[in-house]
Amino acid sequence: MRPVLVFDGDCGFCTVCVGFVRRNLRTRARITSWQSADLAALGVTRERAEYELLWISEGGVHGGAQAVARLLIDAGLPWSPLGLVMRLPPVRWLAHGLYRLVANNRARLPGGTAACALPKTFER
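What you see is a predicted model; the values in this text were computed from it and never measured.

Trainee: How should the overall build of the chain be read in this particular structure?
Mentor: A count of helical and extended segments in the chain gives six helices and four strands. Mapped in sequence order, the helices and strands of the chain form the string β-α-β-α-α-β-β-α-α-α. Here the chain holds 124 residues, and 44% of them are scored as buried. The long-range fraction of contacts in the chain, counting pairs at least 24 apart against all pairs at least 6 apart in sequence, stands at 58%. A total accessible area of about 7,100 Å² is found for the chain, and carbon and sulfur atoms account for 60% of it.

Listed below in structure tokens is the structure:
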């Protein structure tokens, strides 16, 4: 199965980040917005897709900072060492905190709009 990277296509900040990925990383992943993806076929809910970036592969569904880590590993050198480090504690915990900080404030970041605001809650 070819990996799939699912992002929020309504969020300007997310779209800018995906543009960087498309221009600078060589990934095997199919990159798609959750709005245009068949989420049921991918095994994820709309609520989760709205909440965080998703990396979906045979290895399962990884969200947030761990989706970024999987993307970087898949991109190969020079990106893969950073992705591997992001999977290890305590860097993993720091990456998660940083991801949540950015995600929770993405409407305020460059390219962000009101559409970037996250839903108030998400149950895993």
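Anyway, onward from the coordinates.
Trainee: In this structure, what is going on with the pattern of salt bridges? I would like to understand it.
Mentor: A side chain with one charge can pair with a side chain of the opposite charge if their charged atoms come near. All chains considered together, the criterion is met by four salt bridges. With a closest N to O distance of 2.7 Å, Arg28 and Asp74 form a salt bridge. On the criterion of sequence distance, the pair formed by Arg28 in the loop between α1 (12–24) and β2 (30–33) and Asp74 in helix α4 (residues 65–75) is long-range, its members being 46 residues apart. Given a relative accessible area of 52%, Arg28 falls into the exposed group. The class for Asp74 is buried, based on a relative accessible area of 17%. In this structure, Glu50 and Arg46 form a salt bridge, with 3.0 Å as the shortest nitrogen-oxygen distance. With Glu50 and Arg46 both in helix α3 (residues 46–51) and four residues apart, this pair spans about one turn of that helix.

Trainee: How should I be thinking about the packing of aromatic side chains in this particular structure?
Mentor: Think of a pair of aromatic rings as described by two things: how far the centres are apart, and how the planes are tilted against each other in angle. Summed over all chains, the structure comprises one aromatic pair. Summarising the aromatic geometry, the rings of Phe20 and Trp79 are spaced 6.1 Å apart at their centres and angled 90 degrees between planes, so their arrangement reads as edge-to-face. A residue pair is termed long-range when its members are at least 10 positions apart, and Phe20 in helix α1 and Trp79 in the loop between α4 and α5 (80–86) qualify at 59 residues. Above the face of the Tyr51 ring, Arg100 is positioned so that its terminal group lies 4.1 Å from the ring centre.

Trainee: Help me understand the pairing of strand β4 (residues 60–63), please; the structure alone is not making it clear to me.
Mentor: Sheet topology note: the strand β3 (residues 54–57)/β4 ladder contains four bridges and is antiparallel. Looking across to β4, one finds that Ile56 is bridged to Val61. Linking β3 to β4, which pair antiparallel, is a turn of two residues.

Trainee: Please explain the pairing of strand β1 (residues 4–7) as it appears in this structure.
Mentor: The side chains of a regular strand alternate between both faces of the sheet. Burial along β1 is two-sided: the face carrying Val4 and Val6 and the face carrying Leu5 and Phe7 are both buried. Read as a crossover between parallel neighbours, the route from β1 over α1 to β2 is right-handed. Both β1 and β3 contribute to a ladder of three bridges, which runs antiparallel. Its bridge partner being in β3, Val4 is matched across the sheet by Ile56.

Trainee: When you look at the state of the cysteines in this model, what are you seeing that I'm missing?
Mentor: Throughout this description, disulfide means a covalent bond between two cysteine sulfur atoms. Under the definition given, this model contains zero disulfides. The thiol sulfur of Cys14 is not disulfide-bonded, and the nearest other cysteine sulfur, from Cys11, lies at 3.3 Å. The class of Cys14 is buried, set by a relative accessible area of 15%.

Conventions used here
Residues numbered from 1 in each chain as written. Predicted model: local features only at pLDDT ≥ 70, side-chain atom pairs only at ≥ 80, totals over all residues. Heavy atoms only, no water. Helix = DSSP H or I, 4+ residues; strand = E, 2+ residues; numbered from the N terminus. Buried < 20%, exposed > 50% of the residue type's maximum accessible area, 1.4 Å probe, protein only. Contact = heavy atoms within 4.5 Å. Areas by Shrake-Rupley, 256 points an atom, 1.4 Å probe, with all protein chains shown as cover. Salt bridge = Lys/Arg side-chain N within 4 Å of Asp/Glu carboxyl O. Phe/Tyr/Trp six-rings, centres within 6.5 Å; stacked < 30°, edge-to-face > 60°. Lys NZ or Arg CZ within 6 Å of the ring centre and 35° of its normal. Pairing = 2+ DSSP bridges. Right-handed = clockwise from strand over helix to strand, strands pointing away. Disulfide = S-S within 2.5 Å.

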